[in-house]
Amino acid sequence: MLSANQPLGIDQCNCSAMRKASRQITRFYDGHLEPVGLRITQFLTLAALDEADGAAVNALAERLDIERTAMGKMVGFLERDGFVTIKPSPADGRVRIVELTDEGRRLHKSAQPLWEKAQLEFEQLNGAANVATLRQGLREIAVGGMATTSSED
(Lines give C-alpha, C1' and ligand atoms only; values in the text may rest on other atoms or scores of the structure.)
Protein backbone atom coordinates (compact mmCIF):
# COMPACT_ATOMS: atom_id res chain seq x y z
CA MET A 1 0.00 0.00 0.00
CA LEU A 2 1.34 3.42 -0.97
CA SER A 3 1.99 5.93 1.82
CA ALA A 4 2.47 9.67 1.37
CA ASN A 5 6.14 9.60 2.43
CA GLN A 6 7.14 6.34 0.75
CA PRO A 7 10.17 6.91 -1.52
CA LEU A 8 9.48 6.08 -5.16
CA GLY A 9 11.54 6.17 -8.34
CA ILE A 10 9.27 8.94 -9.64
CA ASP A 11 10.67 11.17 -6.89
CA GLN A 12 13.63 11.70 -9.25
CA CYS A 13 11.31 13.14 -11.93
CA ASN A 14 12.08 16.85 -12.38
CA CYS A 15 8.59 17.58 -13.67
CA SER A 16 6.95 15.88 -10.71
CA ALA A 17 9.09 17.82 -8.23
CA MET A 18 8.32 21.13 -9.97
CA ARG A 19 4.58 20.39 -10.15
CA LYS A 20 4.47 19.43 -6.48
CA ALA A 21 6.33 22.57 -5.41
CA SER A 22 4.20 24.72 -7.69
CA ARG A 23 0.94 23.38 -6.25
CA GLN A 24 2.19 23.86 -2.67
CA ILE A 25 3.34 27.42 -3.35
CA THR A 26 0.09 28.20 -5.17
CA ARG A 27 -1.95 26.98 -2.18
CA PHE A 28 0.24 29.11 0.10
CA TYR A 29 -0.42 32.28 -1.92
CA ASP A 30 -4.10 31.44 -2.51
CA GLY A 31 -4.51 31.10 1.26
CA HIS A 32 -3.08 34.56 1.82
CA LEU A 33 -5.30 36.11 -0.86
CA GLU A 34 -8.47 34.29 0.24
CA PRO A 35 -9.74 37.20 2.41
CA VAL A 36 -10.29 39.30 -0.76
CA GLY A 37 -11.60 36.34 -2.77
CA LEU A 38 -8.70 36.08 -5.23
CA ARG A 39 -6.43 33.29 -6.33
CA ILE A 40 -2.81 34.03 -7.17
CA THR A 41 -3.43 33.80 -10.93
CA GLN A 42 -6.19 36.41 -10.65
CA PHE A 43 -4.02 38.65 -8.48
CA LEU A 44 -1.13 38.44 -10.94
CA THR A 45 -3.49 39.28 -13.79
CA LEU A 46 -4.78 42.36 -11.94
CA ALA A 47 -1.21 43.34 -11.01
CA ALA A 48 0.00 43.02 -14.61
CA LEU A 49 -2.94 45.08 -15.88
CA ASP A 50 -2.28 47.71 -13.23
CA GLU A 51 1.41 47.96 -14.12
CA ALA A 52 0.88 47.89 -17.90
CA ASP A 53 -2.27 50.04 -17.86
CA GLY A 54 -4.13 47.38 -19.83
CA ALA A 55 -3.11 44.67 -22.29
CA ALA A 56 -4.30 42.50 -25.14
CA VAL A 57 -5.64 39.13 -23.94
CA ASN A 58 -2.99 37.22 -25.93
CA ALA A 59 -0.14 39.42 -24.66
CA LEU A 60 -1.37 39.03 -21.09
CA ALA A 61 -1.59 35.24 -21.48
CA GLU A 62 1.91 35.12 -22.94
CA ARG A 63 3.40 37.38 -20.26
CA LEU A 64 1.88 35.34 -17.42
CA ASP A 65 2.45 32.03 -19.25
CA ILE A 66 -1.20 31.05 -19.00
CA GLU A 67 -2.95 29.14 -21.78
CA ARG A 68 -4.71 31.69 -24.01
CA THR A 69 -8.11 30.02 -23.62
CA ALA A 70 -7.71 29.85 -19.81
CA MET A 71 -6.75 33.53 -19.78
CA GLY A 72 -9.82 34.33 -21.87
CA LYS A 73 -12.04 32.53 -19.36
CA MET A 74 -10.37 34.22 -16.39
CA VAL A 75 -10.71 37.74 -17.78
CA GLY A 76 -14.31 36.87 -18.68
CA PHE A 77 -15.01 36.09 -15.01
CA LEU A 78 -13.15 39.24 -13.93
CA GLU A 79 -15.27 41.23 -16.39
CA ARG A 80 -18.48 39.60 -15.13
CA ASP A 81 -17.52 40.61 -11.58
CA GLY A 82 -16.81 44.21 -12.65
CA PHE A 83 -13.03 44.18 -12.16
CA VAL A 84 -11.99 44.57 -15.81
CA THR A 85 -13.42 45.74 -19.10
CA ILE A 86 -12.76 43.94 -22.37
CA LYS A 87 -13.11 45.83 -25.60
CA PRO A 88 -11.85 45.63 -29.17
CA SER A 89 -8.56 47.34 -29.90
CA PRO A 90 -9.02 50.59 -31.82
CA ALA A 91 -6.10 49.55 -34.06
CA ASP A 92 -7.33 45.99 -34.76
CA GLY A 93 -10.89 44.96 -33.93
CA ARG A 94 -9.85 41.29 -33.73
CA VAL A 95 -7.66 42.04 -30.70
CA ARG A 96 -9.37 42.30 -27.31
CA ILE A 97 -7.93 44.80 -24.83
CA VAL A 98 -8.35 44.20 -21.09
CA GLU A 99 -8.25 47.13 -18.67
CA LEU A 100 -8.88 47.42 -14.95
CA THR A 101 -12.04 49.15 -13.79
CA ASP A 102 -11.99 51.41 -10.74
CA GLU A 103 -13.34 48.44 -8.76
CA GLY A 104 -10.53 46.26 -10.15
CA ARG A 105 -7.96 48.84 -9.05
CA ARG A 106 -9.48 48.88 -5.56
CA LEU A 107 -9.42 45.08 -5.40
CA HIS A 108 -5.79 44.99 -6.52
CA LYS A 109 -4.89 47.66 -3.97
CA SER A 110 -6.60 45.73 -1.14
CA ALA A 111 -4.95 42.45 -2.23
CA GLN A 112 -1.45 43.93 -2.55
CA PRO A 113 -0.66 43.88 1.21
CA LEU A 114 -1.84 40.24 1.43
CA TRP A 115 0.46 39.31 -1.45
CA GLU A 116 3.33 41.25 0.17
CA LYS A 117 2.74 39.32 3.40
CA ALA A 118 2.87 36.04 1.47
CA GLN A 119 6.11 37.16 -0.19
CA LEU A 120 7.65 38.03 3.17
CA GLU A 121 6.52 34.81 4.85
CA PHE A 122 7.79 32.74 1.93
CA GLU A 123 11.19 34.46 2.22
CA GLN A 124 11.23 33.97 5.99
CA LEU A 125 10.41 30.27 5.60
CA ASN A 126 12.97 29.67 2.87
CA GLY A 127 15.56 32.44 3.30
CA ALA A 128 15.60 35.58 1.16
CA ALA A 129 18.86 34.60 -0.55
CA ASN A 130 17.52 31.11 -1.33
CA VAL A 131 14.32 32.58 -2.78
CA ALA A 132 16.25 35.04 -4.97
CA THR A 133 18.52 32.21 -6.13
CA LEU A 134 15.47 30.04 -6.84
CA ARG A 135 13.80 32.76 -8.98
CA GLN A 136 17.05 33.30 -10.91
CA GLY A 137 17.55 29.59 -11.39
CA LEU A 138 13.98 29.12 -12.64
CA ARG A 139 14.49 31.91 -15.20
CA GLU A 140 17.56 30.08 -16.50
CA ILE A 141 15.96 26.65 -16.86
CA ALA A 142 16.05 25.40 -20.43
CA VAL A 143 13.02 23.52 -21.71
CA GLY A 144 12.91 22.24 -25.26
CA GLY A 145 16.20 23.91 -26.11
CA MET A 146 15.10 27.34 -24.89
CA ALA A 147 15.83 28.99 -21.56
CA THR A 148 12.93 30.78 -19.93
CA THR A 149 13.42 34.52 -20.00
CA SER A 150 12.30 37.27 -17.69
CA SER A 151 13.68 40.61 -16.63
CA GLU A 152 12.45 40.49 -13.04
CA ASP A 153 14.76 41.03 -10.03
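Residues numbered from 1 in each chain as written. Predicted model: local features only at pLDDT ≥ 70, side-chain atom pairs only at ≥ 80, totals over all residues. Heavy atoms only, no water.

## Section: the overall build of the chain
Here's step 1: Scanning the chain for helices and strands turns up 6 helices and 5 strands.
Here's step 2: In the chain, the order of α-helices and β-strands from amino to carboxyl end is α-α-β-α-α-β-β-α-α-β-β.
Here's step 3: Across its three principal directions, the C-alpha atoms of the chain cover 55 × 35 × 35 Å.
Here's step 4: Excluding contacts between residues fewer than 6 apart, the proportion of contacts in the chain whose partners are at least 24 apart in sequence is 45%.
Here's step 5: When the accessible surface of the chain is split by element, carbon and sulfur atoms take 54% of a total near 10600 Å².
Here's step 6: Charge centroids of the chain, computed over 18 positive and 21 negative side chains, lie 5 Å from each other. (Helix = DSSP H or I, 4+ residues; strand = E, 2+ residues; numbered from the N terminus. Contact = heavy atoms within 4.5 Å. Areas by Shrake-Rupley, 256 points an atom, 1.4 Å probe, with all protein chains shown as cover. Lys, Arg positive; Asp, Glu negative; His and termini not counted. Charge placed at Lys NZ, Arg CZ, Asp CG, Glu CD.)

## Observations concerning the packing of aromatic side chains
Here's step 1: According to the stated counting rule, one finds 4 aromatic pairs in the structure shown.
Here's step 2: An angle of 55° between the planes, with centres 6.1 Å apart, marks the rings of Phe 28 and Phe 122 as tilted. Residue Phe 28 is found in helix H1 (residues 14-33), and its partner Phe 122 is found in helix H5 (residues 102-126); the two are separated by 94 residues along the sequence.
Here's step 3: On the basis of relative accessible area, Phe 122 is assigned to the buried category, the value being 14%.
Here's step 4: Feature note: the residues Phe 28, Tyr 29 and Phe 122 constitute an aromatic cluster, connected by ring pairs. (Phe/Tyr/Trp six-rings, centres within 6.5 Å; stacked < 30°, edge-to-face > 60°. Buried < 20%, exposed > 50% of the residue type's maximum accessible area, 1.4 Å probe, protein only.)

## A look at the packing of H5 against helix H6 (residues 128-140)
Here's step 1: At a closest axis distance of 6 Å, the pairing of H5 and H6 adopts a crossing angle of 105°. Regarding the angle of H5 to H6, the classification is roughly perpendicular. Across the interface between the two elements, Phe 122, Glu 123 and Asn 126 of H5 pack against Ala 128, Asn 130, Val 131 and Arg 135 of H6.
Here's step 2: When its residues are assigned to classes, the contact of H5 with H6 shows 3 nonpolar, 2 polar and 2 charged. (Axes fitted to C-alpha atoms, helices over the stretch in contact; angles between N-to-C directions. Parallel < 35°, antiparallel > 145°, perpendicular 65-115°, else oblique. Nonpolar A, V, L, I, M, F, W, Y, C, P; charged D, E, K, R; others polar.)

## Some details on the environment of Glu 121
Here's step 1: Topologically, Glu 121 is positioned in helix H5.
Here's step 2: The class of Glu 121 is partly exposed, set by a relative accessible area of 25%.
Here's step 3: Along the chain, Glu 121 and Phe 28 lie 93 residues apart, while their C-alpha atoms are 9.7 Å from each other.
Here's step 4: Apart from the residues within four sequence positions on either side, Glu 121 is in contact with Phe 28 and His 32.

## Some thoughts on the nonpolar core
Here's step 1: Counting residues in hydrophobic clusters, the biggest one holds 27 residues, and the most contacted among them are Leu 46 and Val 84.
Here's step 2: Mapped by element, the contributors of at least two residues to this core are H1, helix H2 (40-52), helix H3 (57-64), helix H4 (68-80), strand E2 (84-88), strand E3 (96-100) and H5.
Here's step 3: The greatest single-element share of this core, amounting to 6 residues, is contributed by H2.
Here's step 4: Once you skip the residues sitting within four places of it in the chain, Val 84 turns out to touch Leu 46, Leu 49, Val 75, Leu 78, Glu 79, Val 98, Glu 99, Leu 100 and Thr 101. (Core = buried A, V, L, I, M, F, W, Y, C linked by side-chain atoms within 4.5 Å.)

## So, H1
Here's step 1: Between its first and last C-alpha atoms H1 spans 28 Å; for 20 residues at 1.5 Å apiece the expected length is 28 Å, and the two agree.
Here's step 2: The set of residues buried in H1 consists of Tyr 29, Asp 30, His 32 and Leu 33. Mapping the buried residues of H1 onto a view down its axis gives an arc of 150°, with all of them on the same face.
Here's step 3: Of the surrounding elements, those touching the buried residues of H1 are H2 and H5. (Expected span 1.5 Å × (residues − 1). Arc of directions from axis to C-beta.)

Spatial relationships are all this shows, so hold off on functional conclusions.
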